[in-house]
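The chain contents come next:
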Amino acid sequence: MKIDESTIVETNDFKVIIYPASRALTAKEVKEITEKLYDFLPTWNAHGKGLTSSFKIDHKQFIIITVDEEKVQASGCSMDSLNGVMREIEAEYQLGIFDRMKACYKENGEVKTMKLTDFRAAVRNGEISDEVEVFDFSKDTYVNYLLDFLLPLKRSWAGFIK
């Protein structure tokens, strides 16, 4: 029996890869994606050495993969194999996880997604409140993800738009 998500040890040495979907995942999609990742991650390796990795699905929209590079460094080929699995997931569910030209933000407790150009225009025009929180997909360590993945607009990358 598979569980909903794995436990991630909070350490600065864990590399994090964030796959942002363009929409919320359904409960069925979360279950199926969880099963695919549970099947893949134990076999994920770099140059024949197993990678210690984990994942979670955050806010029902972000697939967060971690790898402990203190033990074994993820290589280009290992990242290609991870991206291959994620491309299969993308093809099956049409999630837009490789589209980095979008912005995701949280307003009134709800995660919203817009094309990046539309988001920038909405911030400049005051259509998006300064009170929203903005997600940052560029985090590279798990601790940075924990601390700064969701920030108030003014403290985020989007605070520089105006």
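Each remark here, short or long, concerns the structure printed above.
Residues numbered from 1 in each chain as written. Predicted model: local features only at pLDDT ≥ 70, side-chain atom pairs only at ≥ 80, totals over all residues. Heavy atoms only, no water.

Caption draft 1: Seen up close, helix H2 (residues 76–93). The first and last C-alpha atoms of H2 sit 25 Å apart over 18 residues, in line with the 26 Å expected at 1.5 Å per residue. Among the residues of H2, Ser 78, Met 79, Leu 82, Val 85, Met 86, Ile 89, Glu 90 and Tyr 93 are the ones counted as buried. End-on, the buried residues of H2 take up no more than an arc of 145 degrees, which puts them together on one face. Opposite its buried face, H2 presents the exposed residues Gly 76, Cys 77, Asp 80, Glu 88 and Ala 91, each directed more than 90 degrees away. On the buried face of H2, the contacting elements are strand S1 (14–20), helix H1 (27–40), strand S2 (45–46) and strand S5 (62–68). Count one or two residues on from H2 and you reach Gln 94, which has phi positive near 55 degrees. (Helix = DSSP H or I, 4+ residues; strand = E, 2+ residues; numbered from the N terminus. Expected span 1.5 Å × (residues − 1). Buried < 20%, exposed > 50% of the residue type's maximum accessible area, 1.4 Å probe, protein only. Arc of directions from axis to C-beta. Contact = heavy atoms within 4.5 Å.)

Caption draft 2: Quick look at the nonpolar core. Core analysis: the largest hydrophobic core is formed by 26 residues, its most contacted members being Ile 33, Leu 37, Trp 44, Ile 65 and Leu 82. Contributions of two or more residues to this core are made by S1, H1, strand S4 (53–58), S5 and H2. With six residues, the single largest contributor to this core is H2. Not counting residues within four places of it along the chain, the set of residues in contact with Trp 44 comprises Lys 49, Gly 50, Leu 51, Ser 53, Ile 65, Val 67, Ser 78, Met 79, Ser 81 and Leu 82. (Core = buried A, V, L, I, M, F, W, Y, C linked by side-chain atoms within 4.5 Å.)

Caption draft 3: Summary view of the sheet that holds strand S7 (residues 110–115). The strand order across the open sheet formed by four strands is S7-S6-S8-S9, and the pairing between neighbours is antiparallel. Pairing within the sheet leaves two strands with one partner each, and these edge strands are S7 and strand S9 (150–152). Each neighbouring strand pair of the sheet contributes to a mean axis angle of 35 degrees, computed without reference to strand direction. Packing of helix H3 (residues 116–124) onto the sheet brings it into contact with strand S6 (102–107), S7 and strand S8 (133–135), and relative to S7 it is tilted by some 105 degrees. (Pairing = 2+ DSSP bridges. Axes fitted to C-alpha atoms, helices over the stretch in contact; angles between N-to-C directions.)

Caption draft 4: Region of interest: H3. Every buried residue of H3 is listed here: Leu 116, Phe 119, Ala 122 and Val 123. All buried residues of H3 lie within an arc of 125 degrees about the axis, which places them on one face of the element. Away from its buried face by more than 90 degrees, H3 exposes Thr 117 and Arg 124. The inward-facing, buried residues of H3 abut S6, S7 and S8.

Caption draft 5: The arrangement of the packing of aromatic side chains in detail. One pass over the full model with this rule turns up eleven aromatic pairs. Pairing Phe 119 with Trp 157 gives two aromatic rings, centres 5.7 Å apart and planes at 45 degrees, and the pair type is tilted. Of this pair, Phe 119 sits in helix H3 while Trp 157 sits in the segment after S9, placing them 38 residues apart in sequence. Look at Phe 119 and you get buried, because its relative accessible area is 0%. (Phe/Tyr/Trp six-rings, centres within 6.5 Å; stacked < 30°, edge-to-face > 60°.)

Caption draft 6: Just the environment of Asp 130, in detail. The topology assignment puts Asp 130 in the loop between H3 and S8. In this structure the C-alpha to C-alpha distance between Asp 130 and Leu 147, which are 17 residues apart in sequence, comes to 20 Å.

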